[in-house]
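Chain and residue survey
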Amino acid sequence: MISEAIQEALEEVIPNTYQTIGDEEITLPYCIHEERDTVERVKDGIAFYTWRVEIAIIHSTPDAAESLATQVISALEALEGETSHGTDIETVEYVGSEPGFDMNTREYLKLLNFEINTKNR
Amino acid sequence: MVAINVYGYLLTLKIGDKIIKGLETAGLKIKPNYETILLKEDEGVPTDDFVDYDAEMSFSGRTIERDSEESTTHEDFETIREAASTGSTVTFVYGRMAAGEKQVTGSAKITDYSEDAGSEKKLGTFSGSLKAIKDTVVFSTQS
């Protein structure tokens, strides 16, 4: 599954990486990722799957979050052409990012968006 | 007798009895041709007399190259591209590809072919049209 492949790649950069939701006792920095897929069909059947991936990086300073974001982009792009956890990853495309700040916790967010095409789920 | 829903994916187009790799949409247009006739017996009201019809097919899809093992069963955007450039005549089958299903078959010329490809990591697209050669079109049932 693509989620396991992404989890493994992200954990290399940010050990506190979680899928969909984080732990309540989580310590900075941490990362949350979520994947949604769309099936791309042709007359012959399923051609491939497109995954829209959101990765949220939370850290104490914007510079630190930005630094981790650069490493995360490289880690995910390295999955292109690989087979990981049974998923054939054809392309990895970094689409863009959005910054954020939580006034209550004083934490900085970096939200990264990717599109990943895979041969199978 | 229960009505049967014919879903879009079932209606497809083959060129030279080969599946088109990456094909997403296939279309058929039949245009009857009429000749307006006004005979004395029509008492001033012209009538349209059926002469023949033109049949055209359209196709569009994604740029997926056929596998080396699929060369006998599939065409792809690159083989169609080449066929379009030579103006060659191709045979076609349009309809549902299953025994007992109605089909339109015949010979045609590729009258239009185009491709589009952007800069993102997305597949390109191709599309084209076939114009059936008159008197080659047969409405039949697949055996």
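What you see is a predicted model; the values in this text were computed from it and never measured.

Considering every residue of chain B, the mean pLDDT works out to 95; 100% of them sit at 70 or more. Quick note on the complex model: pTM equals 0.88, ipTM equals 0.83.

Buried together is how nonpolar side chains tend to be arranged in soluble globular proteins. Leu10(A), Ile57(A) and Val72(A) are the most contacted members of the largest nonpolar core, which totals 26 residues. Looking at this core, the elements that each hand over two or more residues are helix 1 (2-11), strand 2 (30-42), strand 3 (45-59), helix 2 (62-77), strand 5 (87-102) and strand 6 (107-118) of chain A. Val42(A), Ile19(B), Ile80(B) and Phe92(B) belong to the second-largest nonpolar core, a separate cluster that totals 23 residues.

Residues and elements named next belong to chain A. In this structure, glutamine 7 sits in helix 1. On a C-alpha basis, the gap between glutamine 7 and leucine 76 in space is 10.0 Å, while along the polypeptide they are 69 residues apart. Beyond its immediate chain neighbours, meaning those up to four positions away, glutamine 7 contacts Thr17 and Gln19.

In this section: the environment of Ser107(B). Structurally, the position occupied by Ser107(B) is in strand 7 (residues 102-116). Setting aside its immediate chain neighbours within four residues, Ser107(B) contacts Thr89(B), Thr91(B), Ile133(B) and Thr136(B).

With that settled, consider the pairing of strand 1 (residues 11-15) of chain B. Residues and elements named next belong to chain B. Here strand 1 pairs with strand 6 (residues 89-96) via 5 bridges, running antiparallel. In the strand pairing of strand 6, lysine 14 is matched with valine 93. Note that strand 1 and strand 2 (residues 18-20) share 2 bridges and pair antiparallel. Residue pairing for strand 2: lysine 14 is matched across the bridge by isoleucine 19. Linking strand 1 back to strand 2 in an antiparallel pair, the connection comprises 2 residues, with glycine 16 at a positive phi of about 60 degrees.

Scoring rules and cut-offs
- Residues numbered from 1 in each chain as written.
- Chains lettered and ligands numbered in written order.
- Predicted model: local features only at pLDDT ≥ 70, side-chain atom pairs only at ≥ 80, totals over all residues.
- pLDDT = per-residue confidence, 0-100.
- Core = buried A, V, L, I, M, F, W, Y, C linked by C-beta atoms within 7 Å.
- Buried ≥ 20, exposed ≤ 12 C-beta atoms within 10 Å, placed from the backbone.
- Helix = DSSP H or I, 4+ residues; strand = E, 2+ residues; numbered from the N terminus.
- Contact = placed C-beta atoms within 7 Å.
- Pairing = 2+ DSSP bridges.

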